[in-house]
Amino acid sequence: MKYMILMQFSGQMKDAVPPIDTWPVGDLQAHIQFMHDTNGKLVESGEFVDAQGLAAPDQAKIVRAGEGGAAVVTDGPFPETKEFLIGYWIVDCESPERAIDLAAHISAAPGPGGRPLNMPIELRQVMSAAPSEEL
C-alpha cells in the first residue's frame, strides 16, 4: 500500500519553534541530515517512492480557472493560514501500522537544540485507480 506522509508546519508551533531560517547552522545541518538519513533508510528497506521539500509559502501561488479557462493567479497561502505543507514522502509499506511508525519517526525530526519538533504529520493512503475493463 502506498501512503503519502505530509509534513506540515502548524501555527500552533510558531511560539515553540523559531523560523527555520533563524536556526543555528549546526541545528539546521542536523535537521537536514535527519531527513537524508530517513530517506536512506527508506531506500534500503525498499519503501521509498519519492520525497520532496517544498518552497516557503510566501512563494506559493493559488491558481483557478477563470473566464474561458484562463488562469487566474493569486499569491498564497494567506497570512491567516494556520498550517502549511513543507514537504512530503510517498512510501510503499506492507501495512498501515508501518506507515504510522514512519510518520511518528518523521514527526520527531530534530529542531533547535536537537529537541524533537513533534510536528503534525498527515498520513494518507494513495488510492489506486479502479481496474480498467478491456474494450
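Preceding block: the structure.
The structure presented is a predicted model; accordingly, all values stated were derived computationally and were not measured.

Caption draft 1: Here's a closer look at the environment of L54. Position of L54 relative to the elements: it lies in the loop between β2 (48-53) and β3 (61-65). Its relative accessible area of 40% is what places L54 among the partly exposed residues. C-alpha of L54 to C-alpha of L85: the two residues are 31 residues apart in sequence and 7.4 Å apart in space. Ignoring sequence-local partners within four residues, the contact set of L54 consists of L85, I86, G87 and Y88.

Caption draft 2: Structural view of unusual backbone geometry. Of note in this structure, N118 is not a glycine but carries a positive phi near 50 degrees. Relative to the assigned elements, N118 resides in the loop between α2 (96-107) and β6 (121-125).

Caption draft 3: Highlighting helix α1 (residues 25-45). Taking 1.5 Å as the rise per residue, α1 with 21 residues should run 30 Å; its terminal C-alpha atoms sit 30 Å apart, in good agreement. Within the span of α1, buried status applies to D27, H31, F34, M35, T38 and L42. Summarising the axial view, the buried residues of α1 lie within an arc of 90 degrees, below the 170-degree limit, and thus occupy one face. Residues of α1 that are exposed and point more than 90 degrees away from the buried face comprise V25, Q29, H36, V43 and E44. In the segment just after α1, G46 is the residue with positive phi, at about 80 degrees.

Caption draft 4: How the structure looks around the environment of L123. Tracing the backbone through its elements, the reader meets L123 in strand β6. For L123, a relative accessible area of 28% puts it in the partly exposed group. Taking the C-alpha atoms as reference points, L123 and L6, separated by 117 residues in sequence, lie 6.3 Å from one another. When near neighbours in sequence (up to four residues on either side) are disregarded, L123 contacts Y3, M4, I5, A99 and I100.

Caption draft 5: Local environment of the packing of α1 against α2. Interhelical geometry of α1 versus α2 gives an angle of 160 degrees and a closest axis separation of 11 Å. Between α1 and α2, the angle is such that the two are roughly antiparallel. The chirality of how α1 crosses α2 is right-handed. For the pair formed by α1 and α2, the contact residues are F34, T38 and L42 on the first element and L102, H105 and I106 on the second. Of the residues assigned to the contact of α1 with α2, the class counts are four nonpolar, two polar and no charged.

Rules behind the numbers
- Residues numbered from 1 in each chain as written.
- Predicted model: local features only at pLDDT ≥ 70, side-chain atom pairs only at ≥ 80, totals over all residues.
- Heavy atoms only, no water.
- Helix = DSSP H or I, 4+ residues; strand = E, 2+ residues; numbered from the N terminus.
- Buried < 20%, exposed > 50% of the residue type's maximum accessible area, 1.4 Å probe, protein only.
- Contact = heavy atoms within 4.5 Å.
- Expected span 1.5 Å × (residues − 1).
- Arc of directions from axis to C-beta.
- Axes fitted to C-alpha atoms, helices over the stretch in contact; angles between N-to-C directions.
- Parallel < 35°, antiparallel > 145°, perpendicular 65-115°, else oblique.
- Left-handed = near helix turned anticlockwise from the far one by under 90°.
- Nonpolar A, V, L, I, M, F, W, Y, C, P; charged D, E, K, R; others polar.

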